[in-house]
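Chain and residue survey
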Amino acid sequence: MMPVFSLAAGDAEKGKAAYLKNGCWQCHGFAAQGGTAGPKLAPDPKPVEFYAVFVRNSAGAMPPYPAAILTNEDLADIHAWLRTIPKPADYKSIPLLNP
């Protein structure tokens, strides 16, 4: 059965701390921008339900994280933090990139 999440209960500050504590940054980058070992998670994260299934059942390069290691509350908090990450500025709005 799929775990139930309350996005309203997700706490972005706790989510950033959980993201760092559980080592997510090592593959996905400090700003969840993606890296050589992990895909971009933000901005525009997938629904929390996607992460809940993937994180618990990953069979690829990412190890699965059981609820004993990464709780459902941690997942909801991390997702809340991912949702706060803004899109980067359009390169056209950066004077140095537009001679």
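Structural data are supplied above this passage.
Residues numbered from 1 in each chain as written. Predicted model: local features only at pLDDT ≥ 70, side-chain atom pairs only at ≥ 80, totals over all residues. Heavy atoms only, no water.

**Focus: the overall build of the protein**
Regarding its fold elements, the protein presents four helices and zero strands. When the helices and strands of the protein are placed in sequence order, the string is α-α-α-α. Residues counted as buried form 34% of the 99 residues belonging to the protein. Of the contacts formed within the protein by residues at least 6 apart in sequence, a portion of 58% connects residues at least 24 apart. (Helix = DSSP H or I, 4+ residues; strand = E, 2+ residues; numbered from the N terminus. Buried < 20%, exposed > 50% of the residue type's maximum accessible area, 1.4 Å probe, protein only. Contact = heavy atoms within 4.5 Å.)

**Side note on the packing of helix α3 (residues 48-57) against helix α4 (residues 72-84)**
Interaxial distance between α3 and α4 falls to 10 Å at its minimum, and their mutual angle equals 130°. As judged from the angle between their axes, α3 and α4 are oblique. Relative to α4, the crossing made by α3 is right-handed. Between α3 and α4, the contacting residues are Val48, Tyr51, Ala52, Val55 and Arg56 on the first element and Asn72, Leu75, Ala76, His79 and Leu82 on the second. Across the contact of α3 with α4, the residue classes break down as seven nonpolar, two polar and one charged. (Axes fitted to C-alpha atoms, helices over the stretch in contact; angles between N-to-C directions. Parallel < 35°, antiparallel > 145°, perpendicular 65-115°, else oblique. Left-handed = near helix turned anticlockwise from the far one by under 90°. Nonpolar A, V, L, I, M, F, W, Y, C, P; charged D, E, K, R; others polar.)

**A short note on the packing of aromatic side chains**
In total, this model carries four aromatic pairs according to the counting rule given. When the centroid spacing of 4.8 Å and the interplanar angle of 50° are considered together, the rings of Tyr19 and Trp81 count as tilted. Of this pair, Tyr19 sits in helix α1 (residues 12-21) while Trp81 sits in helix α4, placing them 62 residues apart in sequence. An identical accessibility class is assigned to Tyr19 and Trp81; each is buried. (Phe/Tyr/Trp six-rings, centres within 6.5 Å; stacked < 30°, edge-to-face > 60°.)

**Quick word on the pattern of salt bridges**
The tally for this structure, following the rule as stated, stands at one salt bridge. Salt-bridge contacts for Lys87 lead to Asp44; the nearest nitrogen and oxygen are separated by 3.3 Å. With Lys87 in the segment after α4 and Asp44 in the loop between α2 (25-28) and α3, this pair connects stretches of sequence that are 43 residues apart. As far as the burial class goes, Lys87 and Asp44 line up, both exposed. (Salt bridge = Lys/Arg side-chain N within 4 Å of Asp/Glu carboxyl O.)

Read these as layout, nothing more, since geometry by itself doesn't imply function.
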